[in-house]
Amino acid sequence: MDFAKERERMVQRQLVPRGIRDERVLAAMGAVPRHRFVPAGQQRFAYDDCPLPIGPEQTISQPYIVALMSECARLDSGDRALEIGTGSGYQAAVLAAMGVEVWSVEIAAELSRQAAANLREAGCAGGVHLRVGDGWTGWPEAAPFQAVLVTAAPLDVPHPLLEQLADGGRLVAPVGLSVQDLVLVRREGDDYHRESLIPVRFVPMRGRAESPSPDD
Ligand code: SAH
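Computed from a predicted structure; not experimentally measured.

So, the site of the ligand
Around the ligand there are 25 residues in total, and Glu83, Ser88, Glu106, Asp134 and Gly135 lie nearest to it. Note that a nitrogen atom of the ligand is positioned 2.9 Å from one of the backbone N or O atoms of Gly85. Between a nitrogen atom of the ligand and a main-chain N or O atom of Ile107, the distance comes to 3.2 Å. Relative to its free-state accessible area of 580 Å², the ligand is covered by the protein chains to the extent of 99%. According to the grid-proximity analysis, the pocket containing the ligand is the largest pocket.

Next up, the structure:
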């Protein structure tokens, strides 16, 4: 299979017609070898217009959703981003290809290990920091972040993640049960402006997000 050609087709048929305009997002997704982030048996589907399984109850998001979240984050080269749910490492690789420094937290140790290998083998590991843990608490030592991308769905946005946003920063997260709202939160000082973008379907956020009152 000609993966470079598949990748270009993905950009031109799935991202551009749906309104992704940020040239750096389009360039990053045109460059990052997505097929290296999916299990060997799934490689031929890597550039299809759908999410793919990467493990039990875990998926790598549909390319359009990765592009939308990357674009909504409005990141500049040199910015810092926090990702919750490393998964395959693909979203982190796309941000890194945009010149962003990425801190990514994954609750499943095995997936984090696999993501580290994927990033290395794809030549995308530069500027990506991985940690195993519950992303509910973010990565306070590396804060503040110009953007936070949450790629597993909590019932509501964990407040530590809002606190770790830089002034003027943006958080994108799927919020809710089964079918979620993709919400964008913009921080201005102590004000947080929230809007819903589109309905999405991500795996549920595990750990503290599952307890009835995660603040306890
Ligand atoms: N961004 C990933 C896809 C994420 S799938 C990619 O580009 O491939 C969602 C991931 O979130 C899964 O790997 C799941 O294990 C992880 N996850 C679920 N709950 C989490 C939590 N509380 N903290 C960190 N990661 C979590």
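Regarding the packing of aromatic side chains
Evaluation of the coordinates by the stated rule reveals 3 aromatic pairs. Note on Phe3 and Tyr47: the rings are 6.1 Å apart at their centroids and 45° apart in plane angle, and the pair reads as tilted. Note that Phe3 is positioned in helix α1 (residues 3–15) and Tyr47 in the loop between α2 (23–31) and β1 (52–55), a separation of 44 residues in sequence. Judged by relative accessible area, Phe3 falls into the buried class, the value being 19%. The side chain of Arg18 reaches across the aromatic face of Tyr64, ending 5.2 Å from its centre.

Notes on the nonpolar core
Ranked by size, the top nonpolar core spans 50 residues in total, and within it Leu15, Ile20, Met29, Phe37, Tyr90, Val94 and Leu95 carry the most contacts. Elements that contribute at least two residues to this core include exactly α1, α2, β1, α3 (63–72), α4 (90–97), α5 (109–121), β6 (145–150) and β8 (180–188). The leading source of residues in this core is α3, at 7 residues. Excluding anything up to four places from it in sequence, Met29 contacts Arg7, Met10, Val11, Leu15, Pro63, Val66, Ala67, Tyr90 and Val94. Ile84, Ala142, Leu162 and Val175 belong to the second largest nonpolar core, which has 22 residues in total.

Here's the deal with α1
Helix length check: α1, at 13 residues, gives a terminal C-alpha distance of 17 Å against a target of 18 Å (1.5 Å per residue), a fit within 8%. Those residues of α1 that fall on the buried side of the exposure criterion are Phe3, Glu6, Arg7, Met10, Val11, Gln14 and Leu15. All buried residues of α1 lie within an arc of 140° about the axis, which places them on one face of the element. Opposite the buried face of α1, by more than 90 degrees, sit the exposed residues Lys5 and Arg13. For α1, the elements touching its buried residues are α2, α3 and α4. The N-cap residue of α1 is Asp2: its side-chain oxygen and the backbone nitrogen of Ala4 are 3.3 Å apart.

Some thoughts on the layout of surface pockets
Taken as a whole, the largest pocket encloses approximately 590 Å³ of empty space. Lining the largest pocket we find 37 residues, and of these Thr59, Gly85, Thr151, Ala152 and Val203 sit closest to its centre. Of all the secondary structure elements, the ones that give two or more residues to the lining of the largest pocket are β2 (58–60), α3, β3 (80–84), α4 and β4 (101–106). Looking at the lining of the largest pocket, its residues break down into 18 nonpolar, 13 polar and 6 charged. One number sums up the size of the second largest pocket: a volume of about 170 Å³. If you trace the second largest pocket, you find 13 residues lining it, with Ala153, Leu155, Gly176, Leu177 and Pro204 closest to the centre.

How each quantity is defined
- Residues numbered from 1 in each chain as written.
- Predicted model: local features only at pLDDT ≥ 70, side-chain atom pairs only at ≥ 80, totals over all residues.
- Heavy atoms only, no water.
- Near = heavy atom within 4 Å.
- Polar contact = N/O pair within 3.5 Å; in protein donor to acceptor, adjacent residues only side chain to side chain.
- Areas by Shrake-Rupley, 256 points an atom, 1.4 Å probe, with all protein chains shown as cover.
- 1 Å grid on protein atoms, 1.4 Å probe; cavity = no way out; pocket = protein on both sides within 12 Å on 5 of 7 lines; lining within 4 Å.
- Sits in = over half its atoms within 2 Å of the grid points.
- Phe/Tyr/Trp six-rings, centres within 6.5 Å; stacked < 30°, edge-to-face > 60°.
- Helix = DSSP H or I, 4+ residues; strand = E, 2+ residues; numbered from the N terminus.
- Buried < 20%, exposed > 50% of the residue type's maximum accessible area, 1.4 Å probe, protein only.
- Lys NZ or Arg CZ within 6 Å of the ring centre and 35° of its normal.
- Core = buried A, V, L, I, M, F, W, Y, C linked by side-chain atoms within 4.5 Å.
- Contact = heavy atoms within 4.5 Å.
- Expected span 1.5 Å × (residues − 1).
- Arc of directions from axis to C-beta.
- Points joined across faces, edges and corners; volume = space filled by probe spheres on them.
- Nonpolar A, V, L, I, M, F, W, Y, C, P; charged D, E, K, R; others polar.

Any link to function would need more than the numbers given here.
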